[in-house]
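Commentary on secondary and tertiary structure
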Amino acid sequence: MSFLIKSDVACPWSVNAEELVKNRFDVLVDFLIESINGGAREVYIMLCDGTTYRTSSIPYRRARDVARWLLSTQPIRTDLKSIIGRYRKVYYLHEEGRDVADVELDGGGLYVFGDHDGLSNEDEELLAKHAVWISLGPIPYMSWQAAAYLAYLLRRANLI
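What comes next concerns the included structure. (Residues numbered from 1 in each chain as written. Predicted model: local features only at pLDDT ≥ 70, side-chain atom pairs only at ≥ 80, totals over all residues. Heavy atoms only, no water.)

**A look at the sheet that holds strand E3 (residues 51-55)**
Taken together, seven strands build an open sheet; the order of strands is E4-E3-E2-E1-E6-E5-E7 and the sheet is mixed. Because the sheet does not close on itself, it has two edges, and the strands there are strand E4 (76-77) and strand E7 (132-135). Bridging between strand E1 (residues 2-6) and strand E2 (residues 42-46) involves five bridges; their strand directions are parallel. If you follow lysine 6 over to E2, its bridge partner there is methionine 46. Strands in contact with helix H5 (residues 143-156) are E1, strand E5 (90-99) and strand E6 (110-114); relative to E6, the strand with the most contacts, it is inclined by about 160 degrees. (Pairing = 2+ DSSP bridges. Helix = DSSP H or I, 4+ residues; strand = E, 2+ residues; numbered from the N terminus. Contact = heavy atoms within 4.5 Å. Axes fitted to C-alpha atoms, helices over the stretch in contact; angles between N-to-C directions.)

**Here we look at the side chain of serine 135**
With respect to the helices and strands, serine 135 occurs in strand E7. Given the relative accessible area of 5%, serine 135 is considered buried. (Buried < 20%, exposed > 50% of the residue type's maximum accessible area, 1.4 Å probe, protein only.)

**Description of unusual backbone geometry**
Within the chain, asparagine 158 stands out as a residue other than glycine whose phi angle is a positive 60 degrees. Locating asparagine 158 in the fold gives a position in the segment after H5.

**Comments concerning the pairing of E2**
Most of E2 is tucked away, with five of its five residues classed as buried. Where burial is concerned, the two faces of E2 agree: the one with Glu42, Tyr44 and Met46 and the one with Val43 and Ile45 are both buried. Between the parallel pair E1 and E2, the chain is carried across by helix H1 (residues 25-38), and the sense of this crossover is right-handed. The sheet contact formed by E2 and E3 spans four bridges and is antiparallel. When the sheet's bridge partners are listed, methionine 46 is paired in E3 with threonine 52. Connecting E2 to the next strand, E3, in antiparallel fashion are four residues, including glycine 50 with a positive phi near 90 degrees. (Right-handed = clockwise from strand over helix to strand, strands pointing away.)

**Topic: the state of the cysteines**
Overall, the coordinates contain one disulfide when judged by the stated rule. Bridging cysteine 11 to cysteine 48, the disulfide has an S-S length of 2.2 Å. Torsion about the S-S bond of the cysteine 11 and cysteine 48 cystine: about 130 degrees, corresponding to right-handed handedness. Here cysteine 11 is found in the loop between E1 and H1, whereas its partner cysteine 48 is found in the loop between E2 and E3, with 37 residues between them in sequence. In this structure cysteine 11 comes out as buried when scored by relative accessible area, which is 9%. (Disulfide = S-S within 2.5 Å.)

**Let's talk about the side chain of threonine 52**
Following the sequence through the fold, threonine 52 ends up in strand E3. What makes threonine 52 buried here is its relative accessible area of 1%. Those residues in contact with threonine 52 that lie beyond four places of it in its chain are Tyr44, Ile45, Met46, Pro75, Ile76, Thr78 and Ile83.

**A look at the pattern of salt bridges**
Per the stated rule, a full pass over the model turns up ten salt bridges. Lysine 6 serves as the salt-bridge partner of aspartate 123, at 2.9 Å between the closest nitrogen and oxygen. One end of the pair, aspartate 123, is in helix H4 (residues 121-130); the other, lysine 6, is in strand E1, and 117 residues separate them in sequence. Each member of the pair aspartate 123 and lysine 6 is classed as buried. Of the charged contacts, one joins glutamate 18 and arginine 68 as a salt bridge, the two residues approaching to 2.9 Å between their closest N and O atoms. With a gap of 50 residues between them, glutamate 18 in the loop between E1 and H1 and arginine 68 in helix H2 (residues 63-72) connect regions that are remote in the sequence. Glutamate 18 gets classed as partly exposed once you look at its relative accessible area, which sits at 47%. Overall, the relative accessible area of 37% leaves arginine 68 in the partly exposed class. (Salt bridge = Lys/Arg side-chain N within 4 Å of Asp/Glu carboxyl O.)

Have a look at this one:
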């Protein structure tokens, strides 16, 4: 399974490892940590301008250390459409999606998350055409919580 989180608020010129809460970079770092710890094969962190960090491991456990390390790696420039085009199955976690218990999940799929500001209308239109919208239920979760819980569900179903 691969996880992707996209933020339209966190931008490369404004994120910094010493001020994690500024522009909500802390949410992205927490998402990365929980996704890798949960068993994600790869994680994409996509910032506002398409600057994207792709990783399959983290060398640290503390958020500030992970943030420093992540920002020291070379990002790629891409867009959501290009990444989702690499996957046979794409799922978008959204409060209005189908209950995850009613959907056949794929351990090799891409799971797309938004930060707590959500994705843009343009991104959601793209995902309406290319993804199954799923929900973890009526309670809203922080993205890092949703990543940990979804990884648990996939492990429990022996999909990872």
